[in-house]
Amino acid sequence: LAFEWVCTFLQAGLSVPCRAPDNTPIVWPATEDLTVAAGTLAASAIPYTFTLVVTKGSRAPASFSVPVTIVDQVIPSMGLAVSAITGGYQMDDGTLYLNQDAKVNFAGFSDTPDTLLAWSVDNGVDVSKPSIAPLGAASPTFVLQLSPGVFQRGGRFTVTLSGSLATANSGTGFTTGGLVINSPPSGGAFKSCVLDLQGTACQSEGLPISDTFRMEATDWSDVDVPITFQFGYLL
């Protein structure tokens, strides 16, 4: 497949090739994906039209067009990092694997001075509550205190840091981080059988003092290994 990108712009009612802000021609790469860097095109209320033309050998070409409006906005580039974790760990892909009562300290940053920060967590988590976000949700440091009543076992949550400027032409930049709440081991079975009885069937009732029971927990699985077991009884 061969790819060709075409950018046009309406000028005095005529469709003309797009040009850079200094009026020089723009040469687009013949690639499947196209990235237009900031400053390549001037801001305009009239949208630019980008057209992708795809050809293969002698076959008729196929094309698809999309309008793109360039606005004059300053959008901060945001980032976040984990500075401390109690009750969990960070996986290789950056996702946090946490217990229901874990505590996480995040550090947020922007490439633009005086950025107004706002932290949030999806799935209805209210970060305005001090019990969840003790230091609030508008500073570079964000402390997230988990609790079983809010963060359900096996749940997935997204922490978002948004940033904007106190100017009329400010856009909003954001970055995200993922949370996975630890689940208990699952999929297994437990049985207690009288030991040394004839036959293979498990008999769960026996005589006190004289009978010996064998307890088995089999086929349990969990992402956290090794799994440990604790046996007990109630009178």
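Right above here is the structure, for reference.
Note that this is a predicted model, so its numbers are computed, not measured.

Positionally, Gly 155 belongs in the loop between β8 (141–145) and β9 (156–164). On the basis of relative accessibility, which here comes to 16%, the residue Gly 155 falls in the buried class. The residues touching Gly 155, leaving out its near neighbours within four places in the chain, are Leu 179, Val 180 and Ile 181.

The grouping of Phe 190, Met 215, Trp 220, Phe 229 and Phe 231 at the surface amounts to a nonpolar patch, some 510 Å² of accessible area in total. By the element assignment, Phe 190 lies in strand β11 (residues 189–194).

As a further point, take unusual backbone geometry. One non-glycine residue with positive phi stands out, namely Asp 114, at about 60 degrees. Inspection of the secondary structure assignment puts Asp 114 in the loop between β6 (96–110) and β7 (116–121). Assessed through its relative accessible area of 72%, Asp 114 is described here as exposed. Look at Asn 123: it is not a glycine, yet its phi comes out positive at around 60 degrees. Relative to the elements of secondary structure, Asn 123 occurs in the loop between β7 and β8. Under the relative-accessibility criterion, Asn 123 is labelled exposed at 54%.

A few words now on the side chain of Thr 51. The residue Thr 51 is located in strand β3 (residues 48–55) in this model. You can call Thr 51 buried: its relative accessible area is 15%. With near-sequence residues (within four places) excluded, Thr 51 lies in contact with Glu 4, Trp 5, Val 6, Ser 63, Phe 64 and Ser 65.

Cut-offs applied
- Residues numbered from 1 in each chain as written.
- Predicted model: local features only at pLDDT ≥ 70, side-chain atom pairs only at ≥ 80, totals over all residues.
- Heavy atoms only, no water.
- Helix = DSSP H or I, 4+ residues; strand = E, 2+ residues; numbered from the N terminus.
- Buried < 20%, exposed > 50% of the residue type's maximum accessible area, 1.4 Å probe, protein only.
- Contact = heavy atoms within 4.5 Å.
- Patch = residues over 30% accessible without salt bridge, like charges linked within 9 Å, V, L, I, M, F, W, Y side chains within 5 Å.
- Areas by Shrake-Rupley, 256 points an atom, 1.4 Å probe, with all protein chains shown as cover.
- Salt bridge = Lys/Arg side-chain N within 4 Å of Asp/Glu carboxyl O.

None of this, on its own, says anything about what the molecule does.
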